[in-house]
Amino acid sequence: MRPRIAALLFLFFCAQTVSADKAKALISEVQHSPALPRSGQAVTITASVAAAPETLTMEYQVVAPGKYIAREDPAFRLGWRSVKMEKFHSDLRYSAQVPAEMQEHRRLVRYRFKGKDTSGEQFVFPPTPAADSDDSPNFAYFVYDGVPAWKAAIQPGSRDAKRGAVVEYPPMVMEQVHVYQLIAKSKDVGDATWYQQAMDKEYRYSGTFVAHGKVYDHIRFRARGGEWRYAMGKNMWKFDFAKSNPLQARDDYNQPYKASWSKLNLRAIIQQADYDRRGEQGMFESVGFRLFNLAGVDAPRTHWISLRIVDGAEENPKDQYKGDFWGLYLAIENEDGRFLDEHGLPDGNVFKMKFGMGEHANVGKGQPTDLSDLHQLLAKLNRQPDPQWWKQHVNLPLYYSYRSILEAIHHYDLDAGKNYTFYNNPESKKWHVIPWDIDLSWGDHMYGGGREPFMRPVLGHAEFKMEYENWQREIRDLLFNQEQTGRLIDECAAIISRGGELSIVDADRAKWDYHPIMNSRWSMPQKAGHGLFYGSSPTRDFAGMVREMKEYVEQRAEFIDTRILTDQRIPETPKISREGDSLGFTTSQFSGAGKFAALKWRLAEVDSSLQLDPKTKKPLRAGRFEISPVWESGEVTSFSSEVQVPADKVTAGETYRVRARHKDATGRWSHWSAPVEFTGK
């Protein structure tokens, strides 16, 4: 809110009310029922009161679609109706109703309480926020009868029968992923994403956000992105939520994240036209970030959403490029203090890097606030520190995993000192690298050379290069291969496609492939353009893009095996066998140029097939991948060819894989053996 307007509102309400603390003490347990109102339903508002007030009223404000009222608008102060609240329970619970006729599809209804306590002082609840506060001055609910069907053609009016055909997308398709709704003024929406092209980080626009039926009133929004912020036509969004009311987001499997989000980043998943990968629909980042997390690198959580914007009277006008449906987007977790909470990391300094410089994304308690720790790191990097410094100050195993996945997906857009985040762990006193902005990946022709600041100083040391190859070898054996990464690609694709049936990816293509803005002065011709979806797909559809990703795994794996894993002195890969139906396993003898130093066993639970809901055809849960063990033996330094897997690590009916590997005295590990797969009994 603008400071001057906020101050006037503050003075206006303070003239009538008691202190905020007293108001908070008076009223609690506010609810509206039904929680998700539909048209024509009376809505009952209830509240618990600490002491019987002299008077108590509920005030409500109805915001019609296309007539949004922002908190700073004069209409916000004036457009309220009052209903007397009646006591209905002995424990001082009061209620009032918003009449049934007030509930209409796509209406936002705000409400608050006013009254006079027993001393005669007036109060308002929620309390009027201070001028510098982002707290909401009201509660709210959204009346919604459900997402309707949507009709559209790929290219309206085209002579090509397929592109010109109008297709109806039923509600099941339109609700295939989480539905997020922004309620705002039409002018603000257009200015934010197209017409007022500001490159700063100021949130100039305000609105109301609805997710999973919950209303987040008076949020702020803007376009997001760097130099290509307004280039593609279908542009990216960033939303800022009140600290007191952060977004409780859910993953693709409808499970709430551990930590709520104060910022929401929406990737437009449109791909820059000059890289010829339009139509991958966010798969590059969704699969890529999952690979990082599976490899032990803390990376952003992602989930797909269908964005709907309520800024006009009609939800589905005749013009398919107008109306509420804005298409498919990818929500990406912000890298800040809440990111640390989500990933179980201690409260440390987080630095968003750009052009080799950084700014705070989180300041840990008791940590430097002047960027001095970052400056010390950058200065040391320029002086090429010795191996001991790296061991003491950088989490090298995590860096090896980071670099391994970076190479696997060709996340090379790093040369300008951007698209990564530094984290200073206050407990270990070691630095981590966190990946960011990995959309230009999954192709050798994508931008960049992959030269992040740790690459040459770390991998230039023979000892570290050997350790890195050990790590990359493990990633190749257990994760980045056609079988495991292929299954992950299939899992992610199944979230947004329906096995050849009409899907949300098809609706998104219809919305944006020939959208007028994609070929206008408000976008860049070399980055936007018409008719470019699935241009690189051999089958000219989303399934073809998925196939391309799987083929790239094979191609990139060969590159890693021949160009990165070049050490010929590693021990031979062992062979293992199982003793009947027992949990006893045997490995072959050590063989290699060096002397035996250790062997290691591992047990992992894996999925025998992709678990899909028979109705929605979406994954029922996140997959189980071999990179995540349920048991490891640790390093066995006295050679013994036999091992007994602990029985309590095996569940009947589940699928498991056992492997072993050998290490020599120089520290070189072999590849993991081929797996022995079995079903628990």
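Our structure is the block above this text.
Residues numbered from 1 in each chain as written. Predicted model: local features only at pLDDT ≥ 70, side-chain atom pairs only at ≥ 80, totals over all residues. Heavy atoms only, no water.

1. Here's the deal with the sheet that holds strand β23 (residues 576-578)
By way of backbone hydrogen bonds, the strands of a sheet pair with one another, either parallel or antiparallel. As a reminder of what qualifies: For two strands to count as paired, DSSP must find a minimum of two bridges between them. Only DSSP runs of H or I covering at least 4 residues are called helices, and only runs of E covering at least 2 are called strands; the numbering of each starts at the N terminus. Axis definition: a line fitted to C-alpha atoms, over the contacting stretch in the case of helices. Angles run 0 to 180 degrees between N-to-C directions.
Spatial ordering of the open sheet is given by β23-β24-β27, a layout of three strands whose pairing is antiparallel. Each edge of the sheet is formed by a strand with only one pairing partner; in this case those strands are β23 and β27 (642-644). Taking each pair of neighbouring strands and ignoring which way they run, the sheet shows an average axis angle of 25°. Direction of pairing for strand β24 (residues 584-587) relative to β27: antiparallel, over a ladder of three bridges. Residue pairing in the sheet places Phe585 in a bridge with Val643 of β27.

2. Quick look at the pattern of salt bridges
Formally: Salt bridge, as used here: a side-chain nitrogen of Lys or Arg that lies within 4 Å of a carboxyl oxygen of Asp or Glu. We call a residue buried when its accessible area falls under 20% of the maximum for its residue type, exposed when it is over 50%, and partly exposed in between, using a 1.4 Å probe and counting protein chains only.
For the structure shown, the criterion picks out 53 salt bridges. In this structure, the salt-bridge partner of Lys352 is Glu335, at a minimum N-O distance of 3.8 Å. Highlighted residues: Lys352 in strand β19 (residues 349-354) and Glu335 in the loop between β18 (325-332) and α8 (337-342), separated in sequence by 17 residues. Its relative accessible area of 22% is what places Lys352 among the partly exposed residues. Notably, a salt bridge pairs Lys681 with Asp581, separated by 3.7 Å at the nearest N-O pair. Pair noted here: Lys681 is in the segment after β29 (676-679) and Asp581 is in the loop between β23 and β24, with a separation of 100 residues, a long-range link. Connected through salt bridges with shared partners, the residues Glu483, Arg487, Glu626, Arg657, Arg659 and Glu677 form a single ionic network.

3. Notes on unusual backbone geometry
Only a minority of non-glycine residues have a phi that is not negative, and only a minority of peptide bonds are not trans. The step from Ser33 to Pro34 runs through a cis peptide bond, and the omega angle for that step is 5°. With respect to the element layout, Pro34 can be found in the loop between β1 (27-33) and β2 (43-49). In this structure, Pro126 follows Phe125 across a cis peptide bond, with omega equal to 5°. Locating Pro126 in the fold gives a position in the loop between β8 (122-125) and β9 (139-142). The residue Lys617 is not glycine, and still its phi comes out positive at about 65°. Since its relative accessible area comes to 29%, Lys617 is described here as partly exposed.

4. Remarks on the packing of aromatic side chains
Rules: Note on aromatic pairs: the rings of Phe, Tyr and Trp (six-membered ring only in Trp) are paired at centre separations within 6.5 Å, and the planes decide the class, stacked below 30 degrees, edge-to-face beyond 60, tilted for the rest. Charge over a ring is defined by NZ of Lys or CZ of Arg lying within 6 Å of the ring centre and within 35 degrees of the ring normal.
Using the criterion set out here, one finds 42 aromatic pairs in the structure. Geometrically, the ring pair formed by Tyr400 and Trp471 is tilted, given 6.3 Å between the ring centres and 55° between the ring planes. Here Tyr400, found in helix α11 (residues 396-409), pairs with Trp471, found in helix α13 (residues 462-478); they are 71 residues apart in sequence, far enough to count as distant. For Tyr400, a relative accessible area of 2% translates into the label buried. The lysine or arginine in question, Arg222, covers the ring of Tyr203, its NZ or CZ lying 5.0 Å from the ring centre. If you follow Arg556 out to its NZ or CZ, it ends over the ring of Phe559, 4.1 Å from the centre.

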